Every structure is written in C-alpha cells, then in structure tokens.
Amino acid sequence: MKIAALRGREGFVIEETEVPAIRPDEILVKVAVSGVCASELEPWVEGLPDGEVRYLGHEVSGVVVEAGADITGLVPGDQVGTWVIERGFAEYVAVRAAYCFPTDHLPLDEVLAEPIACAVNAVEAADVRLGDDVVVIGAGFMGNLVQKLVAVRGVRQLIVADARPDALSRAAAFGATRVVDVRQESLPDVVRSLTDGRGADLTFECTGTQQALTTTGETTRMSGRVAIVGFHQGPERTIPLAHWNWMAFTIVNAHFRDVGVILRGMEVGLRLLSSKQLSMQGLVTHRFRLERIGDAFATLRDKPDGFVKAVITFPIG
Ligand SMILES: [Zn+2]
C-alpha cells in the first residue's frame, strides 16, 4: 500500500509499505478521506531534521475491511469515522475499535470525526447558554464548526469576525446574526452596540493569533467566558492579566488530550451529523489524491479565496 512520509522541508514522499497487521482489538480501515489539519502545517513548513521521518494524518474516515478477533459490532463493509494517532495519509490504517464510530452512511468526507469532536468539546466546555450573546473570532474551519454548534445550542447574538470577505460571507450563510470585517470595523465597538454596552457573554478565539487573543478581552463582558480554541504555537503570547483579573473572566482552554473526552466528542458529533442538526456542507473545499499531498499542504498554508478545509481522498470500492 501507499503511505505519505514527511522528510526534510515540505518534503512528502509516497512510500510503498505493507498493509498493517491488526491486533485483536483493532480494525483495519481502508481509508476514504483523510483531513489535512492546521496542527500539521508546522512540521511541513519548518521541516524535519535530517534523517527524521514522520507519518502524519489523524482525521480518517473509511470502510472496515477486517475486524480483530475481539471485535463485536463492526464488520467488513461498515463505514466509520475514526481518530488515528498517525499514519492516516495512507491507503489502509490499523485503528483501535474504540476509536471507530459508524457513520450511518453519511458522505465520508463529512465525517471528520476528530476536528468535529474538538469543536463539540469546545462548545460544551465553554458552556454556551440559551440566549447568550456569543462572539466567534476566526471563520476558518474550526471557527465555522464552533459557530454551527453554538447555533445548535440556541443563542441571541452570534457575531462572527474575520478579515477575509469570503470567510465572512460563509459565516453569514451559516446563520451569523452579524459578521464583522475587522479591517473595516472595530469588533469591540460592534459587540458593545449589540449588547447594550455590556459585552458578549462568551467569546471564542478560533485563530491562534496574538491579536485575536487580545481582542477577546475587549469583547467579553465582566464575569463572561473566554474560550481559546485557536492553536497557539510559536512565540509566547501575552494577555493584560490586570484587566482580565478585574473583569473576572472564566478562561476556557478548549484543547483536549483526555482520550475519553475526545471519543465522547466524536460520538456526540456523529449523532448531530446523522440527525442533521450539524451539516458539514460547504466545509470541505479542496480534495487531493495522495500523490498531491504536498499541494494539499500548500493550499492550507496559502488559504486561497474560498478555502476552508483540504482533504486527501482515496478511491474506494
Ligand atoms: Zn486535527
């Protein structure tokens, strides 16, 4: 089978390797779709030291081809959304059955179970309440997912901010009550004017940038919540803690490493997908074959107009 190996800088190579053997508690999945995650961009852009090789890919959906001896409830032919730790950019992957969720025959490129789980857990951890005024900063893939799930909870204001016109028109189409182009308008001013001067009950930071992090402290009301969904890597971030202290914000670090929490988020996400309360329509915008995985990563880096999410697709059947 084919698998993408990352070596050096921007250096994907397609290797031939054995189809993995499965343990009794594992499933062999024929990969249909493997999402390209923003968290994977850094090793590709920055490059790996000489001699190091990494096998990326963790957002996998596909079809069961073999179930381990201990497995009940999943049989060959079942479609599943899974979370794999690595080696997801490959034709086949071995994955623990506990990490596989049946997909009710949803289109497999909508069953990106791991990022959906992140967004589900972010919205739950931030404790979105009925009728809240909510701000989402960043209308990329994670921001879009968070926005859609906040809407499921039922809020009053759902204000979405970004600096890209195409992202803002998408957010509007997904039901934002107000979109704010931060290059044209002051987000804190807009939020104040829509909340009788109070500020939002809750602000989601979904960009991973210092600027957005700073802004969350200016859009959130006293005793409100700040949820950090963005992946803050690179230079150290700063916050004006005197102000944040005084404002008595609850700070929610919406990142999850506990496996049980991640798996529950996947299960909840798939329930919402199969019951049509969550739609992924319009989110997977770029599809690439494995041979063009470098182009997929370049697209994620460059974010051309209309870009939301890139996936690697494999012929199935
Ligand atoms: Zn991911």
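Residues numbered from 1 in each chain as written. Predicted model: local features only at pLDDT ≥ 70, side-chain atom pairs only at ≥ 80, totals over all residues.

Trainee: Would you explain the overall build of the protein chain in this entry?
Mentor: Across its full length, the protein chain holds nine helices and 16 strands. At 20 Å, the protein chain has a C-alpha radius of gyration in line with the 20 Å of a compact globule built from 317 residues. Oriented by its inertia axes, the alpha-carbon framework of the protein chain measures out at about 60 × 45 × 35 Å. Taking all 317 residues of the protein chain together, 44% fall into the buried category. Considering only contacts within the protein chain whose residues lie at least 6 apart along the sequence, 69% involve residues at least 24 apart. (Helix = DSSP H or I, 4+ residues; strand = E, 2+ residues; numbered from the N terminus. Rg over C-alpha atoms; globule rule 2.2 N^0.38 Å. Buried ≥ 20, exposed ≤ 12 C-beta atoms within 10 Å, placed from the backbone. Contact = placed C-beta atoms within 7 Å.)

Trainee: Whenever I open this one, the packing of helix α5 (residues 187-194) against helix α6 (residues 210-219) confuses me. Can you help?
Mentor: Between two packed helices, both the angle of their axes relative to each other and the distance between the axes serve to describe the pair. It is at 9 Å that the axes of α5 and α6 come closest, and there the two elements cross at 25°. Taken together, the axes of α5 and α6 lie roughly parallel to each other. Judged by the sense of rotation from one axis to the other, the crossing of α5 with α6 is right-handed. Each of Leu 187, Pro 188 and Val 191 in α5 lies in contact with α6, whose residues at this interface are Thr 215, Glu 218 and Thr 219. A breakdown of the residues in the contact of α5 with α6 according to their chemical character gives three nonpolar, two polar and one charged. (Axes fitted to C-alpha atoms, helices over the stretch in contact; angles between N-to-C directions. Parallel < 35°, antiparallel > 145°, perpendicular 65-115°, else oblique. Left-handed = near helix turned anticlockwise from the far one by under 90°. Nonpolar A, V, L, I, M, F, W, Y, C, P; charged D, E, K, R; others polar.)

Trainee: Help me understand the nonpolar core, please; the structure alone is not making it clear to me.
Mentor: One recurring pattern in soluble globular proteins is that nonpolar side chains are buried together. With 93 residues, the main nonpolar core has Val 29, Ala 119 and Val 146 as its most contacted residues. For this core, the element with the most residues is helix α2 (residues 113-125), which contributes eight residues. Counting contributing residues, this core receives three or more from each of domain 1 (2-112 + 280-313) and domain 2 (119-253). Other than its neighbours up to four places away in sequence, Val 146 contacts Ala 119, Ala 122, Val 123, Val 136, Phe 204, Cys 206 and Val 229. (Core = buried A, V, L, I, M, F, W, Y, C linked by C-beta atoms within 7 Å. Domains from an automatic or database assignment.)

Trainee: Which parts of the structure should I look at to understand the packing of α2 against helix α8 (residues 259-274)?
Mentor: Two numbers describe how α2 lies on α8: the axes approach to 7 Å, and their chain directions differ by 100°. One way to sum up the angle between α2 and α8 is to call them roughly perpendicular. Mapping the contact onto sequence places Ala 113, Glu 114, Ile 116, Ala 117, Cys 118, Val 120 and Asn 121 in α2 and Val 261, Ile 262, Gly 265, Met 266, Val 268, Gly 269 and Leu 270 in α8. A class-by-class count of the residues in the contact of α2 with α8 yields ten nonpolar, three polar and one charged.

Trainee: Just to check I follow, could you spell out the domain arrangement of the protein chain for this structure?
Mentor: When the parts of a complex come together, some accessible area is lost, and that lost area is often taken as the interface size. Its domain assignment divides the protein chain into domain 1 (2-112 + 280-313) and domain 2 (119-253). Using C-alpha coordinates to define each centre, domain 1 is positioned 30 Å away from domain 2. Contact with domain 1, which involves nine residues of that partner, is made by seven residues of domain 2. Here the residues of the side of domain 1 that touches domain 2 are counted per class, giving three nonpolar, three polar and three charged.

Trainee: I would appreciate a short explanation of the environment of Glu 124 in the present structure.
Mentor: Assignment of secondary structure puts Glu 124 in helix α2. For Glu 124, a count of 17 C-beta atoms within 10 Å puts it in the partly exposed group. Spatially, the C-alpha atom of Glu 124 lies 15 Å from that of Val 135, the residues being eleven residues apart in sequence.

Trainee: Can you walk me through the sheet that holds strand β4 (residues 53-54) in this structure?
Mentor: Sheets are built from strands that pair by backbone hydrogen bonding, the pairs being arranged parallel or antiparallel. Taken in spatial order, the three strands make up an open sheet running β2-β1-β4, and their pairing is antiparallel. Only two strands of the sheet have a single neighbouring strand rather than two, namely β2 (12-16) and β4. (Pairing = 2+ DSSP bridges.)

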